[in-house]
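Descriptive structure summary
Here is how the chains run, residue by residue.
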Amino acid sequence: MVLVVGVIHGNEHDGLAILDDLRTMALPDGYDLWLLPAINPDGLANDVRGNGNQVDLNRNFPHDWTAIARPGEWQYSGSGPASEPETQAFMAFALQIHPTLTLWYHQDAHTVGPTTGRDGPLRQRYAQLTGLDYVSVTGGKYTGVAATWVRKKVPEAMSFIIELGATLTAEQARVHADAVVEIMQMIPNV
Ligand SMILES: [Zn+2]
């Protein structure tokens, strides 16, 4: 089972076009695909990074949570681990459906970060298929990250971030949707 999250940072929403394509595509036999357009509906509606409480949800997850910044600052991590209702709702959902692979769209670093973990080949293949770079994003402190929480806390789960570029054409969205369908066939559908 594969889960694709379109938006966690509300001002990084080009991934929604990829989910729109995936919604109408034929899937390989026996594979289940969950499409979750946005876990940050308020941020998406307001075209801002954080949620309605100005919390950066991608710093709010309870794996390796650290207090960062203050309300209104761009990486504000919230008043505590999983303090936000969006974080709690996603955690409950993921622990209920147990996705084998979770993909998270962000912008605009134009890369997929390498790993020595078992999702490494999927990340590399995704970057190859879409023309994204295959290098780590550096320069920040990344704690309380949703993708990492899934990897650590959902049994047997793979999970990684796809950093799109600053823009995404309709043609590129389709290339990404095709890449999702291709890499899902690299994993057993459990
Ligand atoms: Zn982001």
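Residues numbered from 1 in each chain as written. Predicted model: local features only at pLDDT ≥ 70, side-chain atom pairs only at ≥ 80, totals over all residues.

When helices and strands are tallied, the protein shows six helices and five strands. Of the regular secondary structure in the protein, the N- to C-terminal order runs β-α-β-α-α-β-β-α-α-β-α. Against the compact-globule benchmark of 16 Å for 190 residues, the protein has a radius of gyration of 15 Å, which places it among compact chains. Each of the 190 residues in the protein was classed as buried or not, and the buried ones make up 42%. (Helix = DSSP H or I, 4+ residues; strand = E, 2+ residues; numbered from the N terminus. Rg over C-alpha atoms; globule rule 2.2 N^0.38 Å. Buried ≥ 20, exposed ≤ 12 C-beta atoms within 10 Å, placed from the backbone.)

A general tendency of soluble globular proteins is for nonpolar side chains to be buried together. Grouped together as the largest cluster of nonpolar side chains are 47 residues, with contacts concentrated most on V4, V5, L103, W104, A146, I162 and V180. Looking at this core, the elements that each hand over two or more residues are β1 (2-7), α1 (15-24), α3 (85-97), β3 (101-107), α4 (120-130), α5 (146-153), β5 (158-164) and α6 (170-184). Sequence-distant contacts of W104, that is, excluding residues within four places in its chain, are made with V5, I8, A146, A147, I161 and I162. (Core = buried A, V, L, I, M, F, W, Y, C linked by C-beta atoms within 7 Å. Contact = placed C-beta atoms within 7 Å.)

An α-helix turns once every 3.6 residues. As a result, residues three or four positions apart point the same way. In this model α3 runs 18 Å from its N-terminal to its C-terminal C-alpha over 13 residues, within 8% of the 18 Å that 1.5 Å per residue would give. Three or more residues of α3 are buried, namely E86, T87, F90 and A94. The arc enclosing the buried residues of α3, seen along the axis, measures out at 95°, which places them on a common side. Opposite its buried face, α3 presents the exposed residues P85, A89, A92, L95 and Q96, each directed more than 90 degrees away. Buried positions along α3 lie against α5. Remark: H98 follows α3 within two positions and exhibits a positive phi of approximately 50°. (Expected span 1.5 Å × (residues − 1). Arc of directions from axis to C-beta.)

By the burial criterion, the buried members of α5 are A146, A147, W149 and V150. All buried residues of α5 fall inside an arc of 160° around its axis, so they share one side. Considering only its buried residues, α5 is in contact with α3, β3 and β5.

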